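What follows is each chain in one-letter form.
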Amino acid sequence: MSRDPRVDAYVAKSAEFARPILTFLRETVHQACPEVEETIKWGFPHFTYHGILCSMAAFKGHCAFGFWKGELVLGAAGKPREAMGQFGRITDCRDLPAKAVIRKYIRAAMRLNEDGEAVPRAAPVRRAVAVPRDLTAALGRSPRARAVFARLPPSHRREYLEWITEAKRPETRARRIATTVTWLSEGKSRNWKYARP
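A brief report on the enclosed structure follows.

Rules and cut-offs
Residues numbered from 1 in each chain as written. Predicted model: local features only at pLDDT ≥ 70, side-chain atom pairs only at ≥ 80, totals over all residues. Heavy atoms only, no water. Helix = DSSP H or I, 4+ residues; strand = E, 2+ residues; numbered from the N terminus. Buried < 20%, exposed > 50% of the residue type's maximum accessible area, 1.4 Å probe, protein only. Contact = heavy atoms within 4.5 Å. Arc of directions from axis to C-beta. Salt bridge = Lys/Arg side-chain N within 4 Å of Asp/Glu carboxyl O. Axes fitted to C-alpha atoms, helices over the stretch in contact; angles between N-to-C directions. Parallel < 35°, antiparallel > 145°, perpendicular 65-115°, else oblique. Left-handed = near helix turned anticlockwise from the far one by under 90°. Core = buried A, V, L, I, M, F, W, Y, C linked by side-chain atoms within 4.5 Å.

Quick look at the environment of Phe 24
Argument step 1. The residue Phe 24 is located in helix α2 (residues 18-32) in this model.
Argument step 2. On the accessibility criterion, Phe 24 (22% relative accessible area) is partly exposed.
Argument step 3. C-alpha separation for the pair Phe 24 and Ser 14, spaced 10 residues apart in sequence, amounts to 14 Å.
Argument step 4. The contacts of Phe 24, once residues within four sequence positions are left out, are Cys 93, Leu 96, Lys 99 and Ile 102.

Written out as structure tokens, the structure is:
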């Protein structure tokens, strides 16, 4: 069993109510997965076995425990997202499922990691950004800029559109539109300064 002294320190400096919870979780993970490795990631304890297995954390008024692939491990059995992890706000060991149930979840997470199973991620939904009328009018006065804008990949058009529409003041917006037309006339993308030659 690989134990990280930083986890000892984390448990020791946690609130008094949290120490028995963290100790219980730590021991349960080690019992269910003797090959588990401990580490600190993002400031709190993680347990790894062929990748991240699970983690635990202590806050001012509660603890959290969760599996990296929680959706696959627990399915619908996890609590609604009232706290980090899948077990809600833990203020006492009695807030957790029975030790045998937690060990069953740990073994399921181990199998997922051994098999290289990945959590399916939904593709991010990007809302369409409409071309504002004032930009359309400015592009109408510059055929070269309009043609370059039409040929830009959607991500580059979005960069220009978001830059313009995020302006707080009308003067700023007008200045950004003028700059956009100039840069487009020169065949430049919004972030042309940072492009690699």
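Further notes follow.
Overview of helix α5 (residues 133-140)
Argument step 1. All buried positions along α5 are accounted for by Leu 135, Ala 138 and Leu 139. Down the axis of α5, the smallest arc covering the buried residues is 100 degrees, so these residues share one side.
Argument step 2. In the core, the buried residues of α5 are packed alongside α6 (143-151), α7 (154-165) and α8 (170-185).

Thoughts on the pattern of salt bridges
Argument step 1. Enumeration over the complete set of coordinates arrives at nine salt bridges.
Argument step 2. Taking the shortest distance from any N to any O, the salt bridge between Arg 169 and Glu 171 comes out at 2.8 Å.
Argument step 3. Judged by its relative accessible area of 42%, Glu 171 is partly exposed.
Argument step 4. Residues participating in the shared-partner salt-bridge network are Asp 8, Arg 26 and Glu 38.

Section: the packing of α2 against helix α4 (residues 99-114)
Argument step 1. Remark: α2 packs on α4, axes separated minimally by 9 Å, with the N-to-C direction vectors making an angle of 55 degrees. Viewed along their axes, α2 and α4 adopt a mutual orientation that is oblique. Relative to α4, α2 is oriented so that their crossing is right-handed. Touching Phe 24, Thr 28, Val 29, Gln 31 and Ala 32 of α2 are Lys 99, Ile 102, Arg 103, Ile 106, Arg 107 and Met 110, all from α4.

Remarks on the nonpolar core
Argument step 1. Ranked by internal contacts, the top residues of the largest apolar core, which has 34 residues, are Phe 65, Phe 67 and Ile 106.
Argument step 2. Looking at this core, the elements with two or more residues in it are α1 (5-13), α2, β2 (44-48), β3 (52-58), β4 (63-67), α3 (70-74) and α4.
Argument step 3. Take this core: its biggest share by element is seven residues, from α4.
Argument step 4. In contact with Phe 67, other than residues within four places in its own chain, are Leu 53, Cys 54, Val 73, Leu 74, Gln 86, Phe 87, Ile 102, Tyr 105, Ile 106 and Ala 109.
Argument step 5. Formed by 16 residues, the second largest nonpolar core is a distinct cluster that contains Leu 152, Tyr 160, Ile 164 and Trp 183.

Read these as geometric descriptors, not functional statements.
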